[in-house]
Amino acid sequence: MESHDFRPGASFESLRVRARILAQTRNFFAARGVLEVETPLLCEAGAVDQHLDPILARYHPPGSQRPLDRWLVTSSEHSMKRLLAAGSGPIYQISRAFRDGERGRLHNPEFTILEWYRPGWDHHQLMDEVEALVGEILRSAPGGPRIPEGRFDRWTYRQAFLDALGFDPHKVSASDLCRIAGLEGVPPLPGLEAEDRDAWLNLLLLARVEGTLGFDRPAFLLDYPPSQAALARVRLDDVPVAERFELYVYGVEIANGYHELCDPKEQEARFHEANRKRREMGKAQLPMDLRFLAALEAGLPPCAGVAVGLDRVAMLALGSSTIDDVIAFPIDRA
Amino acid sequence: MANYNTSEFRKGLKVVIDNEPYLMVDMEFMKPGKGQAVYRTRLKNMLRGNVIDRNYRSGDSIDAAEVEEHAVQYLYNDSRNWFFMNSESFEQYSIDKEFLGDVHKWLKDGMNVEVTFWNGKPISVDAPKNVELKVEYTEPAARGNTATNVQKPAKLETGADVFVPAFINIGDVVKINTQTGEYLERVSKS
């Protein structure tokens, strides 16, 4: 008989670290009066994003021969915003999210996501709270990384590019980015179009900027180009910037947050644009989440929200270099 | 021609880029939270040894290199070409000395080695990790000097120049690490 390895890939020590992080997180929010909620993983529609591919499941209502398409959530953002629009007040959730085609040292297609929303807050206030929680978790981890006391760094997207590469990312053309990548020795992506500005920015971010972030102390990267706003508000400075932030610890991205977009028209336009780009890339069109858009229409209170990859936090707390060390059964042995 | 899709990328894959065979020595799936996935690879040219970096997008593919490894026996050389025989098929190959590089200096008649073939052509020869070779010449052992950390030059039966401890004599058989060229131990005394 073929032998099947039933044992977990993660050590029990790392499972204990995970459990402790979950308990710390729940205590943190209980003390701050944030309500824990649970929302569905199987939804009729979800995020429409150029680079996020949801996994499709089939649901048979009782007695039905014909299955209904249901999507596993790529995050719980839509359902949680429906709760906010209905008047929930501040809420958090620890749940699973699913993303097709994502597997690597820092990726498992099924992962644990901590997501929370703060009505009335902007992204800077929310960054303070992310800092408090992540700082507490990582500083109390026995095998964790060295996190100096004091504030995390906050770098604008512009400053991070200026420091690492010497140019202002808001002011260079796609062809300049393409040339800079060449000078920097960053291998191009085959088939990457010379005029795809965001793709070149992302390539340079991955190859030359991310690896500089969060080594002295954890670092927030904020104020993204508006073309990378996703679900964030856009603010008009000398150039328009998206009020979006990410948190990096030792070069690893662990959180993504927004001063949330509340405008239903703008949101719908962004979904259509994402679907248009998906079509160009030969990807499947995704259904619009009409209940989510209805919630925005009814009025999402001004708020800030963030999603944290808890597997990566556990990985850092353990001083590990791969996410497989903290997941009992990663996809290959699930 | 067979090819590998990004989902099959892994260390150790042998691929063809610009008509030359490469070994994938490193591979990482990278994806920013809100951006396109990138497969970052590091590839070693199997002919020339240089290393290149290449990025790929999900769904891209690279041609597979038809690479085979065979155990062969080293027969002899005419100082330009080194001759080998496949131990199973008895087929014989000759490999240019230039191409062999440093490996040739460890090869002794009858020794078994691994030869890598690409499209039927031998492209690399791997000597065994350790070889046992006779010392052809070295200065006589210094009497009374038994310290093992004092080394002296020695020429081995294959022509290789190595450093050995002071107590080694002509005719001794020594074990050498072919990767570093370092002396490991004395196998037998003359």
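This is a predicted model, so every value here is computed, not measured.

*Asks:* Explain the interface of chain A and chain B to me, using residue names and the numbers behind them.
*Replies:* Listed by partner, the interface residues are 28 residues for chain A and 17 residues for chain B. Around 2000 Å² of area is buried between chain A and chain B when both sides are counted, 54% of it from carbon and sulfur atoms. It is His51(A), Leu189(A) and Leu206(A) that lose the most area in chain A upon contact with chain B, and together they represent 27% of the buried surface on that side. Linking chain A with chain B are two salt bridges. The closest approach of N and O atoms between Glu102(A) and Lys31(B), which form a salt bridge, is 3.1 Å.

*Asks:* Can you explain the environment of Arg233(A)? Please cite residues and give values.
*Replies:* Residues and elements named next belong to chain A. With respect to the helices and strands, Arg-233 occurs in the loop between strand 8 (219–224) and strand 9 (234–236). When the C-alpha positions of Arg-233 and Glu-253 are compared, they lie 21 Å apart, and in sequence the two are 20 residues distant. Beyond its immediate sequence surroundings of up to four residues, Arg-233 is in contact with Val-241, Ala-242, Glu-243, His-259, Glu-260, Leu-261, Cys-262 and Pro-302. Of the polar contacts made by the side chain of Arg-233, one reaches the backbone oxygen of Glu-260; its length is 3.1 Å.

*Asks:* How would you explain the sheet that holds strand 3 (residues 20–30) of chain B if you had to name every residue and give the values?
*Replies:* All names here are of chain B. Strand order in the open sheet formed by six strands is 1-6-2-3-4-5, and the pairing between neighbours is antiparallel. With partners counted over all chains shown, the strands left at the sheet margins are strand 1 (3–5) and strand 5 (51–56), one partner each. Across the sheet, the mean angle from the axis of one strand to that of its neighbour is 45°, orientation sign disregarded. Here strand 4 (residues 38–45) pairs with strand 5 via six bridges, running antiparallel. Each residue of the ladder has a partner; that of Thr-41, found in strand 5, is Arg-54.

*Asks:* Residues and numbers for the domain arrangement of chain B, please.
*Replies:* Residues and elements named next belong to chain B. Each domain of chain B was delimited in the assignment, giving domain 1 (3–63), domain 2 (67–126) and domain 3 (130–188). A straight line from the C-alpha centre of domain 1 to that of domain 2 covers 29 Å. Contact residues are listed per partner, giving seven residues for domain 1 and six residues for domain 2. Buried surface at the junction of domain 1 and domain 2, both sides included, amounts to about 500 Å², of which 76% is carbon and sulfur. Sorting the residues of domain 1 by area buried against domain 2 places Lys-14, Met-46 and Leu-47 first, and these three jointly supply 67% of that buried surface. Across the contact surface, domain 1 and domain 2 share one salt bridge.

*Asks:* Pulling in residues and values, what's your account of helix 9 (residues 310–317) of chain A?
*Replies:* Residues and elements named next belong to chain A. Burial of helix 9 is extensive: eight of the eight residues sit out of reach of the surface. Buried within helix 9 we find Leu-310, Asp-311, Arg-312, Val-313, Ala-314, Met-315, Leu-316 and Ala-317. Gly-319 sits one or two positions beyond helix 9 and adopts a positive phi of about 70°.

*Asks:* Tell me about the packing of aromatic side chains, and name the residues and values.
*Replies:* Any pair of aromatic rings gets described here by the distance separating the centres and the angle formed by the planes. All names here are of chain B. Enumeration over the complete set of coordinates arrives at 16 aromatic pairs over all chains. Ring geometry for Phe-9 against Tyr-39: centres 5.9 Å apart, planes inclined by 75°, an arrangement best described as edge-to-face. With Phe-9 in the loop between strand 1 and strand 2 (14–17) and Tyr-39 in strand 4, the pair connects residues that are 30 residues apart, well separated along the chain. The exposure classification of Phe-9 matches that of Tyr-39, with both residues buried. With a centroid separation of 5.5 Å and an interplanar angle of 90°, the aromatic rings of Phe-9 and Tyr-56 are classed as edge-to-face. Here Phe-9 is found in the loop between strand 1 and strand 2, whereas its partner Tyr-56 is found in strand 5, with 47 residues between them in sequence. Phe-9 sits in the buried class, given a relative accessible area of 5%.

*Asks:* Give a detailed account of the state of the cysteines, specifying residues and quantitative values.
*Replies:* Put plainly, a disulfide is one covalent bond tying together the sulfur atoms of two cysteines. Taken as a whole and assessed by the stated rule, the structure comprises zero disulfides over all chains. Unpaired in terms of disulfides, Cys43(A) finds its nearest cysteine sulfur in Cys303(A), a separation of 18 Å.

*Asks:* So what about the packing of helix 4 (residues 157–165) of chain A against helix 6 (residues 197–209) of chain A? Which residues, and what values?
*Replies:* All names here are of chain A. Put simply, helix 4 and helix 6 touch, their axes get as near as 11 Å, and they point 60° apart. Classified by the angle their axes make, helix 4 and helix 6 are oblique. Judged by the sense of rotation from one axis to the other, the crossing of helix 4 with helix 6 is left-handed. Residue-level contacts link Tyr-157, Ala-160, Phe-161, Ala-164 and Leu-165 of helix 4 to Leu-201, Leu-204, Leu-205, Arg-208 and Val-209 of helix 6. Of the residues contributing to the contact of helix 4 with helix 6, the split by class is nine nonpolar, no polar and one charged.

*Asks:* Give a description of the nonpolar core that names residues and reports values.
*Replies:* Residue and element names in this part refer to chain A. In terms of nonpolar packing, the biggest core is built from 40 residues, with Leu-114, Trp-116, Val-130 and Leu-247 touching the most fellow members. It is helix 3 (residues 123–139) that contributes the most residues to this core, seven residues altogether. When residues no more than four places from it in sequence are discounted, the contact partners of Val-130 are Trp-116, Gly-135, Phe-220, Phe-245, Leu-247 and Val-306.

*Asks:* An account of the sheet that holds strand 15 (residues 173–177) of chain B is needed here, citing residue identities and associated values.
*Replies:* Residue and element names in this part refer to chain B. Ordered in space as 14-13-12-15-16, the five strands form an open sheet in which the pairing is antiparallel. Because the sheet does not close on itself, it has two edges, and the strands there are strand 14 (161–165) and strand 16 (183–188). Recorded for the sheet is a direction-independent mean angle of 50° between the axes of neighbouring strands. Here strand 12 (residues 130–138) runs beside strand 15; their pairing, made up of five bridges, is antiparallel. Of the residues in strand 15, the one forming a bridge with Lys-134 is Val-173.

Thresholds, definitions, all that
- Residues numbered from 1 in each chain as written.
- Chains lettered and ligands numbered in written order.
- Predicted model: local features only at pLDDT ≥ 70, side-chain atom pairs only at ≥ 80, totals over all residues.
- Heavy atoms only, no water.
- Contact = heavy atoms within 4.5 Å.
- Buried area = accessible area lost by both parts, 1.4 Å probe.
- Salt bridge = Lys/Arg side-chain N within 4 Å of Asp/Glu carboxyl O.
- Helix = DSSP H or I, 4+ residues; strand = E, 2+ residues; numbered from the N terminus.
- Polar contact = N/O pair within 3.5 Å; in protein donor to acceptor, adjacent residues only side chain to side chain.
- Pairing = 2+ DSSP bridges.
- Axes fitted to C-alpha atoms, helices over the stretch in contact; angles between N-to-C directions.
- Domains from an automatic or database assignment.
- Buried < 20%, exposed > 50% of the residue type's maximum accessible area, 1.4 Å probe, protein only.
- Phe/Tyr/Trp six-rings, centres within 6.5 Å; stacked < 30°, edge-to-face > 60°.
- Disulfide = S-S within 2.5 Å.
- Parallel < 35°, antiparallel > 145°, perpendicular 65-115°, else oblique.
- Left-handed = near helix turned anticlockwise from the far one by under 90°.
- Nonpolar A, V, L, I, M, F, W, Y, C, P; charged D, E, K, R; others polar.
- Core = buried A, V, L, I, M, F, W, Y, C linked by side-chain atoms within 4.5 Å.

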